[in-house]
Amino acid sequence: MIEIRDVNFHYAGLKQNGLYNINLTIPDGECILLCGASGCGKTTLTRLINGLIPHFFKGKLSGSVMVNSRAIGEQELYDLAQLVGSVFQNPRSQFFSVDTDGEVVFGPENIGLSTQEILKRKESVVTELKLSELMKRSLFDLSGGEKQKIACGSVAALLPEIIILDEPSSNLDWDSIKDLHDIMKHWKSQGKTIIISEHRLWYLKDIIDRAVYMENGRIVKEWKQSEFEHLSEEELAFYELRPVNLEEHYIREFGENAGSEKERTRLSPSTDNLSEEYVHLKDFFFTYTPKNYLFFKKKITPADENICTIRIPSLNVKKEEVIGIIGKNGSGKSTFLRCLCGLEKTCIGYVETDGSSYKGKKLTKICYMVMQDVNHQLFTDSVLSEVLLSMDKPDEKRAEEILKSLDLLEYKDKHPMALSGGQKQRVAIASALAAKAEILLFDEPTSGLDYRHMKEVSQLLKGLATDGRTIFVSTHDPELLAGCCDRIIQITNGRAREIS
Amino acid sequence: METSRKEKKTNGWIHLDPRTKLLILVLFSVVVMIDVVDGPALIIRIIMTFIPVFLVCLEGKIHIGARFTVLYILGMWLQSYTQKHIDGVVGMFLLFLCYMIMQFAPTIIMVWYCISTTRISEFMAAMNRLHTPQGLAISIAVMMRFFPTLGEEYRYVRDAMRMRGIQFGGGKVSRMITYRMIPLLFSTISIGDELSAAAVTRGLGAPTRRTNVCEIGFHKKDFVIAIVMFVLTIFYVYFSLQKGNVIL
């Protein structure tokens, strides 16, 4: 049993994300959902239970956190490791090994179990969580969903009574979410206590026993499972939560049978229609593993279709539209976007728009991608210079206009890294506008965002399209698709197909 | 984010024990440190240079081996040509270039072979057997773990720069470096933080002795390669000392 009594907490040197007056009792075997906007204190609360607070993150803590009537603060993290297991949000940064086998046995090795015991545990975890296909692989070759499964396995191998998941589905596609759901169900049937903090709610409704809603570091509301399942749209909108029940056709489109038969259907067959309002993409063929000759790599041609990761002979999209790109993890969405903005040198595709044709390196002139981790593309020490950097000739006036249109003018002298995630995203967009990019690409812009921020992104994309830009956005978010996309393209095995 | 799907196979045709690799790496360093120009020592040196190349080829990376061979032969030819025919600044520069190729390229390919074919758990097991202090072993393991991540992050940053056409920072070296370093620093710091949080919740740092389930051991091929390298090194040192070469 977990008992949290009168807890107040503040991170050292931070005003946000504190906790106020938290009282929560979680009996053994219960599955509890923590929901609420970003920064409401969900993650902080999970850290209280897995001991990262007070052992890893320092701050001012009062009140008591007890697990099985022992205070968390008085136990060492390595002892807690056998009691509480944690799966984190980012699949990229929770691995210590570089191969899957090493990762699953990592925990048991740390606590010094015998070799036979470790191998026995590995065996049972692999069968229980159905990981056998993922064994003996390099972690760098796995998709986000597969990594998250390995993370679950690595946690389970320590046989913890309590399992904490902190926004585990942020980077996952629908199939992977389903696998995650099954794993959680299995844990529940074993009688483990599960605490999950999450924005996406629909996949959890049949697992949880109770949902706790938090706001500004306080617990504001609790629902039982039966109440939670039937929350009305108005209530969800009031609490700014994402939907609990999804519309049927999304489940069908994203679900397992999507894209099985009509794989080869070509898009917009009217290729002769070279009218002005279209952007034509042609011959997008690309592979990560071209035939290696001894001294150079073989150049690919459309005839190499069979070995290609991306095989889109022709694709026409209307200007000033938002095009949603969906597909499973590893189906080639990101790769397609990378090809489109000219990052993959060996891709032979070209784009025709306004009577001119762009290919290879030139694509970077008209296309600009806002990356999933936007930190990678902010280089300078102020927002304004970030925008000026993208211009051929620095023009401060225009830069300020662009910033104003994105509500960033007041931050123009701030360091980009000091801004919030959403603001950083807008800075990246501002620099794209400054570079006069006509085609903007977004790689999963809403992964890990709460309802309100997701809505903001959706509005922003629509606005950008109305201003005359063509937007491609890859996403797993049905709500984002519904909110802003004019057409949806599904990528399966590198082939594109339009749906709805 | 979908990472590039390049296969990294850790099991080649010849799978050596990490300790053997460490030994040949050390022997190889000795050879590289002593410079020779001609005589039997040079031949031994060339043979030793091509042992790692051979091993790399056995890993299935024949194209890398071939490229290296061509580079090496080109370097040798250019060196002797320059010594005979080109003087002055150009000659100095070319000699320097050749020297770099001849000295460093073999070392790089050797190190690359050792790192790319050793799994971290194997390495930890080897360190354990050698009774290395755990602190040192873990530090090196963390470094090995971090290099691929660093590479991944670096590629993202490079892509972002290419997209904005600022690879060359307007011609200023300082800017070229700043633009690369700032995003790289921020992302690696946050990754490092998350990584250590994840590691401590999985019990890293427990005072008990860490188990290692990885099986390592010496086999025939380990002995063969180790002995060959060892004998060659002894001959190499003997010949070069005879000629009065100084150990750098």
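Residues numbered from 1 in each chain as written. Chains lettered and ligands numbered in written order. Predicted model: local features only at pLDDT ≥ 70, side-chain atom pairs only at ≥ 80, totals over all residues. Heavy atoms only, no water.

J.: Please provide a residue-by-residue account of the nonpolar core, values included.
T.: Residues and elements named next belong to chain A. Residues Leu-33, Leu-165, Trp-187, Trp-223 and Phe-228 are the most contacted members of the largest nonpolar core, which totals 47 residues. Contributions of two or more residues to this core are made by β3 (31-35), α5 (115-128), α6 (144-156), β7 (162-166), α7 (174-189), β8 (193-197) and β9 (210-215). Element by element, the count of residues in this core is highest for α7, at six residues. The residues contacting Leu-165, other than those within four sequence positions of it, are Val-87, Leu-180, Met-184, Trp-187, Ile-194, Ile-195, Ile-196 and Ser-197. With 43 residues, the next largest nonpolar core counts Leu-378, Val-383, Ala-432 and Phe-442 among its residues. (Core = buried A, V, L, I, M, F, W, Y, C linked by side-chain atoms within 4.5 Å. Buried < 20%, exposed > 50% of the residue type's maximum accessible area, 1.4 Å probe, protein only. Helix = DSSP H or I, 4+ residues; strand = E, 2+ residues; numbered from the N terminus. Contact = heavy atoms within 4.5 Å.)

J.: For the sheet that holds strand β4 (residues 59-67) of chain A, give the residues involved together with the corresponding values.
T.: Whenever strands of a sheet pair, they do so through backbone hydrogen bonds, lying parallel or antiparallel. All names here are of chain A. Within the open sheet, the four strands sit side by side as β2-β1-β4-β5. Their pairing is antiparallel. At either margin of the open sheet sits one strand with a lone partner, and together these are β2 (19-26) and β5 (70-71). Relative to β5, β4 runs antiparallel, the two being bridged by two bridges. What sits directly across from Met-66, in β5, is Ala-71. Each of β1 (2-11), β2 and β4 touches helix α1 (residues 42-50); the most contacted strand, β1, lies at about 120° to it. (Pairing = 2+ DSSP bridges. Axes fitted to C-alpha atoms, helices over the stretch in contact; angles between N-to-C directions.)

J.: Which residues make up the domain arrangement of chain A, and what values do they have?
T.: Residue and element names in this part refer to chain A. Domain parsing of chain A yields domain 1 (2-245) and domain 2 (253-499). Look at where the C-alpha atoms of domain 1 and domain 2 centre, and you get two points 33 Å apart. Each partner contributes to the interface: domain 1 provides 20 residues, whereas domain 2 provides 21 residues. A combined buried area of about 1800 Å² lies between domain 1 and domain 2, and 47% of that area is made up of carbon and sulfur atoms. The interface formed by domain 1 and domain 2 contains four salt bridges. For Arg-242, the salt bridge goes to Asp-477, with nearest N and O atoms at 2.6 Å. Scanning the region where domain 1 abuts domain 2 turns up seven residue pairs in polar contact (both at pLDDT 80 or more). If one sorts the elements of the side of domain 1 that touches domain 2 by residue count, α7 sits on top with three residues. (Domains from an automatic or database assignment. Buried area = accessible area lost by both parts, 1.4 Å probe. Salt bridge = Lys/Arg side-chain N within 4 Å of Asp/Glu carboxyl O. Polar contact = N/O pair within 3.5 Å; in protein donor to acceptor, adjacent residues only side chain to side chain.)

J.: Which residues make up the pairing of strand β20 (residues 495-499) of chain A, and what values go with them?
T.: Successive side chains on a regular strand alternate, one facing one side of the sheet and the next facing the other. All names here are of chain A. For β20, the tally of buried residues reaches four of five residues, placing the bulk of the element in the interior. Bridge analysis of strand β19 (residues 487-492) against β20 gives five bridges, and the strand direction is antiparallel. Of the residues in β20, the one forming a bridge with Ile-489 is Glu-498. Between the end of β19 and the start of β20, which pair antiparallel, lie two residues, with Asn-493 showing a positive phi angle near 50°.

J.: Which residues make up the pattern of salt bridges, and what values do they have?
T.: All chains considered together, the criterion is met by 28 salt bridges over all chains. Glu344(A) is paired through a salt bridge with Arg338(A); the nearest N and O atoms lie 2.8 Å apart. Comparing Glu344(A) with Arg338(A) shows no difference in burial state: the two are buried. The partner of Lys412(A) in a salt bridge is Glu400(A), with the nearest N and O atoms 2.9 Å apart. Taken together, the positions of Lys412(A) in the loop between α14 (396-405) and α15 (421-434) and Glu400(A) in helix α14 put the pair 12 residues apart, joining distant regions of the chain. Overall, the relative accessible area of 24% leaves Lys412(A) in the partly exposed class. The exposure class assigned to Glu400(A) is partly exposed, which follows from its relative accessible area of 25%. Here the residues in one salt-bridge network are Arg338(A), Glu344(A), Arg158(B), Asp159(B) and Arg162(B), joined through shared partners.

J.: I'd like to hear about the side chain of Ser138(A), residue by residue, with values.
T.: Residue and element names in this part refer to chain A. With respect to the helices and strands, Ser-138 occurs in the loop between α5 and α6. Judged by its relative accessible area of 13%, Ser-138 falls in the buried class. Leave out the neighbours within four places in its chain, and Ser-138 touches Val-98 and Asp-99.

J.: So what's going on with the interface of chain B and chain A? Residues and values would help.
T.: Taken together, the contact pairs 58 residues of chain B with 78 residues of chain A. Buried area between chain B and chain A, summed over both chains or domains, comes out near 6200 Å², and the portion from carbon and sulfur atoms is 59%. There are three salt bridges connecting chain B and chain A. Counting only elements with at least two residues in the side of chain B that touches chain A, the list comes to α3 (62-85), α5 (120-129), α6 (134-163) and α7 (173-201) of chain B. The element best represented in the side of chain B that touches chain A is α7(B), accounting for 15 residues.

J.: Report on α14(A), specifying residues and quantitative values.
T.: Residues and elements named next belong to chain A. For α14, every residue scored as buried is listed here: Ala-399, Ile-402 and Leu-403. For α14, the angular spread of the buried residues around the axis is 100°, confining them to a single face. Those residues of α14 that are exposed and aimed more than 90 degrees away from the buried face are Lys-397, Glu-401, Lys-404 and Ser-405. Tucked inside the fold, the buried residues of α14 contact α13 (383-389) and α15. For α14, the capping residue at the N-terminal end is Asp-395, with a side-chain oxygen 3.1 Å from the backbone nitrogen of Lys-397. Count one or two residues on from α14 and you reach Asp-407, which has phi positive near 60°. (Arc of directions from axis to C-beta.)

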